[in-house]
Amino acid sequence: MEAGDLDAMYAVLSDPVSMRFYPQPFDRERSRRWIGWAHERYERDGFGLLAVAERATGEVIGDCGPMVQEVEGQPWVELGWHIRRDRQGFGIATEAGAACRDEAWRVLDVERLISLIRPENVPSWSVARTLGFRPWKTQIRGGMGHLVWSMERPP
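Residues numbered from 1 in each chain as written. Predicted model: local features only at pLDDT ≥ 70, side-chain atom pairs only at ≥ 80, totals over all residues. Heavy atoms only, no water.

Draft legend 1. Structural context of the overall build of the protein. On a plain count of helices and strands, the protein comes out with four helices and six strands. Along the chain direction, N to C, the helices and strands of the protein fall in the order α-α-β-β-β-α-β-α-β-β. For the protein, the C-alpha radius of gyration of 15 Å lies close to 15 Å, the compact-globule estimate for 155 residues. When the accessible area of the protein is evaluated, it comes to approximately 8300 Å², of which 52% is carbon and sulfur surface. (Helix = DSSP H or I, 4+ residues; strand = E, 2+ residues; numbered from the N terminus. Rg over C-alpha atoms; globule rule 2.2 N^0.38 Å. Areas by Shrake-Rupley, 256 points an atom, 1.4 Å probe, with all protein chains shown as cover.)

Draft legend 2. View of the environment of Ile83. Looking at the secondary structure, you find Ile83 in strand β3 (residues 74-83). C-alpha separation for the pair Ile83 and Val107, spaced 24 residues apart in sequence, amounts to 24 Å. Among all residues touching Ile83, those that are not within four sequence positions of it are Val12, Ser18, Val52, Ile61, Gly62, Gln88, Ile92 and Ala93. (Contact = heavy atoms within 4.5 Å.)

Draft legend 3. Structural context of the pairing of β3. Counting buried residues in β3 gives eight out of 10 residues, a clear majority hidden from the surface. Bridge analysis of strand β2 (residues 60-71) against β3 gives 10 bridges, and the strand direction is antiparallel. If you follow Glu70 over to β3, its bridge partner there is Pro75. Taken together, β2 and the strand that follows it, β3, pair antiparallel across an intervening segment of two residues, in which Glu72 is found at a positive phi of about 55°. Relative to strand β4 (residues 112-117), β3 is paired through two bridges, and the arrangement is parallel. Within β4, the position partnered with Glu78 by the bridge is Ile114. (Buried < 20%, exposed > 50% of the residue type's maximum accessible area, 1.4 Å probe, protein only. Pairing = 2+ DSSP bridges.)

Draft legend 4. Expanded view of helix α4 (residues 122-131). Looking at α4, one finds that the buried residues are Ser124, Val127, Ala128 and Leu131. Take α4 and look down its axis: the buried residues cluster within an arc of 95°, on one side only. Gly132 sits one or two residues past α4 and shows a positive phi near 110°. (Arc of directions from axis to C-beta.)

Draft legend 5. Fine view of the packing of aromatic side chains. One pass over the structure, following the stated rule, counts five aromatic pairs. With a centroid separation of 5.9 Å and an interplanar angle of 90°, the aromatic rings of Tyr22 and Phe26 are classed as edge-to-face. Under the relative-accessibility criterion, Tyr22 is labelled partly exposed at 30%. Assessed through its relative accessible area of 8%, Phe26 is described here as buried. With centroids separated by 5.2 Å and ring planes inclined at 85°, the aromatic side chains of Trp76 and Trp136 adopt a geometry described as edge-to-face. On the criterion of sequence distance, the pair formed by Trp76 in strand β3 and Trp136 in strand β5 (residues 134-141) is long-range, its members being 60 residues apart. Classification of Trp76 as buried rests on a relative accessible area of 17%. One aromatic cluster is present, built from ring pairs that chain together Tyr22, Phe26, Trp34 and Trp37. Sitting over the ring of Phe26, Arg30 keeps its end group 4.3 Å from the ring centre. Over the face of the ring belonging to Phe90 we find Arg87, whose NZ or CZ atom lies 4.6 Å from the ring centre. (Phe/Tyr/Trp six-rings, centres within 6.5 Å; stacked < 30°, edge-to-face > 60°. Lys NZ or Arg CZ within 6 Å of the ring centre and 35° of its normal.)

Structure follows, in structure tokens:
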């Protein structure tokens, strides 16, 4: 993700329908901080969320990738995704998630990947299941319940 992706990421993160599982949609400044947060992760961890670009046009339509998140005080590598609402339902999150999952297994020395998903976010459940995640535990994050989906490294 680059600073120049701000307009595209703002279109994703400000959408009230797409962001209904967050406390609130992001304003432009919060979207700018989201990109900055990704860059902080690149520096600190060596990886983080990546921009998702539509193959045919190169247009940025979301993000996907691994990032370190804490669950019960322990760091885990989470795989997360956001896709612009008009591009949801076409398998883009699943395709991007599979590529990021496979690369994470290839380069990261972790035995488990997680995905933090709100219980009512059924569309993300579908992506997580297709990628091989299974519900593992629950956690309260930001005052909201989350399912922690998990996948162990394949043999």
